[in-house]
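Understanding the architecture of this molecule
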Amino acid sequence: MLSSVRLLFFLVVLLPLSPVFLLGAVAYIIRLKLYNQPKGISGTAYEPFLTRVMAHVVGGREDEIAYRLAPMLPALTPLTLQLLVWPLALASRLARYKPVLFCGPVTRPATVMMMMALRNQFYDQVLREVAANVDQVVILGAGWDTRAYEELNNGDVHIFEVDTPATQLAKIAALQKAGIESSHVTFVETDFNQVSWVDALQKHGFEPALRTLVLWEGVTMYLPEDAVRSTLTAVAELGPGSLIAFDYFAREFVEGDGGFKFVAPYMKLSIDLTYGERFIFGIPLRSDGSAAVAALLESCGLTLERFEMVGRQGSMTAFYGFAVGERM
Ligand SMILES: C[S@@+](CC[C@H](N)C(=O)[O-])C[C@H]1O[C@@H](n2cnc3c(N)ncnc32)[C@H](O)[C@@H]1O
């Protein structure tokens, strides 16, 4: 009851401030089109990143480094960032309400509204439980991820960030401008569609025989199935006990089947128009999602270590999934 009143108060404060947010959104899209896309820098990397910045400003998940990095990225400026986050932060503070979209709580079955909160929780938990027991951590398709500068910045493991050259160069420049220490991270440029990331990493001190944790957040959906399989197979050839954490859309959503027939085309079109990137890969989740993911992993030489999903297995709501594959 109290939380419903807080939500109502939050919306009442947020509504008149929405033009400020819209102004920020327009400024962001303009910079994205002028300074980001023409250079081949990832646009979709901003989406999960901004949800982590939002979660930080409303006090739902600490990510000070993301907040410092954000205004230095090509599609944002200090003013644009404040226009985007300030209305939300003010409404949240006055109403003492943390938006479920960024902060949870995540109940089960998780709904689409909880997807980003669950995604953050999933990867945070994997890192908490596994990072201390591995020798190397590889963040594949790192985008603007800041985990290497927070949780992992303890000197215990060798950390590698892998991304396309344009995105990685933009990140390194933004880290420098923000004064964020990054000398403990090895940056490796590659394109999963063209070269083996293991080969690229090996030229920079990566040791395939060691136990490695690979974080592959928010990437599979943009890749052809062959590229997804070749990354999973590469993890199966790393040291025993190596793991890969990844997330994926339901294939039913990517293909616009059944209940997604009307929603999917609009979501896909808006990502394509805004960022010029397309969802092309998914795993069938509707009938038995965990079995489908386990079968994919097994065919690549891995076993399913954990599974999570948005929506309910066996129902039309099955929308998105998370998994960890392990090399036994
Ligand atoms: C949606 S972003 C996710 C970023 C980050 N992992 C996160 O969740 O915040 C996808 C990232 O994958 C990278 N990426 C996409 N296709 C790639 C490819 N073929 N080779 C290397 N990186 C790729 C993009 O440059 C981008 O940084």
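This next bit is on unusual backbone geometry. For the bond running from Gly104 to Pro105, omega is 10°, close enough to zero to count as cis. When you line up the elements, Pro105 lands in the loop between α5 (100-103) and α6 (115-130). Across the junction of Arg108 and Pro109, the peptide omega takes the value -5°, indicating a cis bond. Examined against the element boundaries, Pro109 turns out to sit in the loop between α5 and α6. Within the chain, Arg96 stands out as a residue other than glycine whose phi angle is a positive 50°. Within the secondary structure, Arg96 is located in the loop between α4 (78-95) and α5. The exposed category is assigned to Arg96, around which 12 C-beta atoms lie within 10 Å.

The next thing to look at is the site of the ligand. Contacts to the ligand come from 21 residues, most closely from Ser42, Gly141, Gly143, Glu217 and Gly218. Residues that form the shell around the ligand fall into these classes: eight nonpolar, nine polar and four charged. Two domains each provide a minimum of three residues to the shell around the ligand, namely domain 1 (2-103) and domain 2 (112-326).

What counts and how
Residues numbered from 1 in each chain as written. Predicted model: local features only at pLDDT ≥ 70, side-chain atom pairs only at ≥ 80, totals over all residues. Helix = DSSP H or I, 4+ residues; strand = E, 2+ residues; numbered from the N terminus. Buried ≥ 20, exposed ≤ 12 C-beta atoms within 10 Å, placed from the backbone. Near = placed C-beta within 6 Å. Nonpolar A, V, L, I, M, F, W, Y, C, P; charged D, E, K, R; others polar. Domains from an automatic or database assignment.

As far as function goes, none of this settles anything; it's purely spatial.
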